[in-house]
Amino acid sequence: MDIRPNHTIYINNINDKVKKEELKRSLYALFSQFGQIIDIVAMKTMKMRGQAFVVFKELAAATNALRQLQGFPFYNKPMRIQYAKTDSEVIAKVKGTYGDKEKKKDKKKKAQEPAANLTKKPALVSFSLQTSIQVRPVPDNPPNYILFLSNLPEETNEMMLSMLFNQFPGFKEVRLVPGKHDISFVEFESDAQAGVAKDALQGFRITATCAMKITYAKK
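Described in the following lines is the structure provided in the data block. No experiment lies behind these values; they were computed from the predicted model shown. Residue positions are counted from 1 within each chain, in the order its sequence is given. It should be noted that, the model being predicted, local features are given only for residues of pLDDT at least 70 and side-chain atom pairs only at 80 or more, the latter also being counted only at that level, while totals for whole chains, interfaces and linings use all residues. No hydrogens and no water enter the side-chain calculation; it runs on all heavy atoms of the structure.

1. A few points about the nonpolar core
- The definition of a nonpolar core used throughout is a set of buried Ala, Val, Leu, Ile, Met, Phe, Trp, Tyr and Cys residues joined through side-chain atoms within 4.5 Å. Throughout this description, buried means an accessible area under 20% of the type-specific maximum (1.4 Å probe, protein chains only), exposed means over 50%, and partly exposed covers the range between. In this structure, Ile9, Phe31, Phe56, Phe74 and Met79 are the most contacted members of the largest nonpolar core, which totals 28 residues.
- Of all elements in the fold, only strand S1 (8-12), helix H1 (20-31), strand S2 (37-41), strand S3 (52-56), helix H2 (59-69) and strand S6 (80-83) reach the threshold of two or more residues within this core.
- In this structure, Leu147, Met160, Phe168 and Phe204 belong to the second largest nonpolar core, which totals 20 residues. Helix and strand assignments come from DSSP, with helices taken as H or I runs of at least 4 residues and strands as E runs of at least 2, each series counted from the N terminus.

Here it is, written out as structure tokens:
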């Protein structure tokens, strides 16, 4: 029986040696190209190891991500992706169906904690704001097949940047700079291919506070 499409996708066969926080950041970097992400759930319990859920705001984004990334080699293991069996709590709350499931179980608790529920919501909102790309003019050099990245967050790694840039034709490699976490170089086969990636990812936020700056590297 097919599981009906919904906003949440379920991923398994994930390399379980990856730390939880790095996994969530890498999933975010990979999946946010398809649309706004509301939440990512990854747990390291025995039952949930090697699995994660990604919640999209739009159903079309979830569908597109599932099709495009099915079998994608993520930390050297092909991802298996399907729609989650039920809407996540986040989406259920947005749709107003969450209360139907939880009324009996949570009636007393909800009556006692309306303020607590309100204070929890902004955390999800602030996470979803990470997808907003604010493009400001960045002083640039003449076209080059090598891009120079700056304003990268401390936790940036080669895997994250490779996942972001290898969706563009002509991608060759990412080169990190030893001892400097906030800059990196990305090489393409041609100036034109580098330019397409530069324009598409200018201002991309790997985290909420760091908007990536991309210029052509100096020749």
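2. Side note on the environment of Lys172
- For Lys172, the location among the structural elements is in strand S8 (residues 171-177).
- For Lys172, a relative accessible area of 48% puts it in the partly exposed group.
- As for Lys172 and Ile146, which are separated by 26 residues in sequence, their C-alpha atoms are 9.7 Å apart.
- Not counting residues within four places of it along the chain, the set of residues in contact with Lys172 comprises Glu187, Phe188 and Glu189. Between two residues, a contact is recorded if the distance between any of their heavy atoms is within 4.5 Å.

3. Brief notes about the sheet that holds S2
- Here, a strand pair is defined by DSSP locating no fewer than two bridges between the strands. Pairing is antiparallel in the open sheet, where 4 strands are placed in the order S2-S3-S1-S6. Across the chains shown, the open sheet's two edge strands, defined by having one partner strand only, are S2 and S6. For this sheet, the mean angle separating the axes of adjacent strands, direction not counted, is 20 degrees.
- In the sheet, S1 pairs with S6 via 4 bridges, with the strands oriented antiparallel. Bridging from a neighbouring strand, Ile11 pairs with Ile81 of S6.
- Seen against the sheet, H1 touches S1, S2, S3 and S6 and runs at an angle of roughly 145 degrees to S2.
- On top of the sheet, H2 reaches S1, S3 and S6; it is set at about 155 degrees to S6, its chief contact. All axes are obtained by fitting lines to C-alpha atoms, using only the stretch in contact for helices, and the reported angles, taken between N-to-C directions, cover 0 to 180 degrees.

4. Quick look at the pairing of S3
- Most of S3 is tucked away, with 4 of its 5 residues classed as buried.
- The pairing of S1 with S3 spans 4 bridges and is classified as antiparallel. What sits directly across from Tyr10, in S3, is Phe53.
- Pairing geometry for S2 and S3, over 4 bridges, is antiparallel. Paired with Asp39 across the two strands is Val55, which belongs to S3.

5. A look at helix H7 (residues 191-201)
- What H7 keeps buried is the set Ala194, Gly195, Ala197, Lys198 and Leu201. One side of H7 holds all its buried residues, which, seen down the axis, span an arc of 165 degrees. Along H7, the residues that are exposed and aim more than 90 degrees away from the buried face are Ala192 and Asp199.
- Taken from the residues just after H7, Gly203 is the one with a positive phi, measuring 80 degrees. What the arc measures is the spread of directions leading from the helix axis to the C-beta atoms.

6. Considerations on the packing of aromatic side chains
- Centres within 6.5 Å are what make two rings of Phe, Tyr or Trp a pair, Trp counting through its six-membered ring; a difference in plane orientation under 30 degrees is then read as stacked, over 60 as edge-to-face, and the rest as tilted. Per the counting criterion, the structure on display carries 6 aromatic pairs.
- Centroid distance Phe171 to Phe188: 5.9 Å. Interplanar angle 75 degrees. Geometry classified as edge-to-face. A residue pair is termed long-range when its members are at least 10 positions apart, and Phe171 in strand S8 and Phe188 in strand S9 (residues 180-188) qualify at 17 residues.
- Here the aromatic residues Phe165, Phe171 and Phe188 are joined through ring pairs into a cluster of three or more.

7. Details of the side chain of Asn6
- Mapped onto the elements, Asn6 comes out in the segment before S1.
- By relative accessible area, which is 2% here, Asn6 ends up buried.
- Throughout this description, a polar contact denotes any pair of N or O atoms lying within 3.5 Å of each other; where both atoms belong to protein, one of them has to be capable of donating a hydrogen while the other can accept it, and for residues adjacent in sequence the pair is counted only when both atoms sit in side chains. A polar contact is formed between the side chain of Asn6 and the backbone nitrogen of Thr8, at a distance of 2.6 Å.

8. Regarding the pattern of salt bridges
- The salt bridge criterion pairs a side-chain nitrogen of Lys or Arg with a carboxyl oxygen of Asp or Glu, the two atoms within 4 Å. If you walk through the whole model with that rule in mind, you get 7 salt bridges.
- Of the charged contacts in the structure, one is a salt bridge between Asp191 and Lys219, with a shortest N-O distance of 3.9 Å. In this pair, Asp191 is assigned in helix H7 and Lys219 in the segment after strand S10 (213-216), connecting sequence segments 28 residues apart.
- Looking at Lys219, the relative accessible area reads 76%, which means it is exposed.
- One salt-bridge network, held together by shared partners, links Lys172, Glu173, Arg175 and Glu187.

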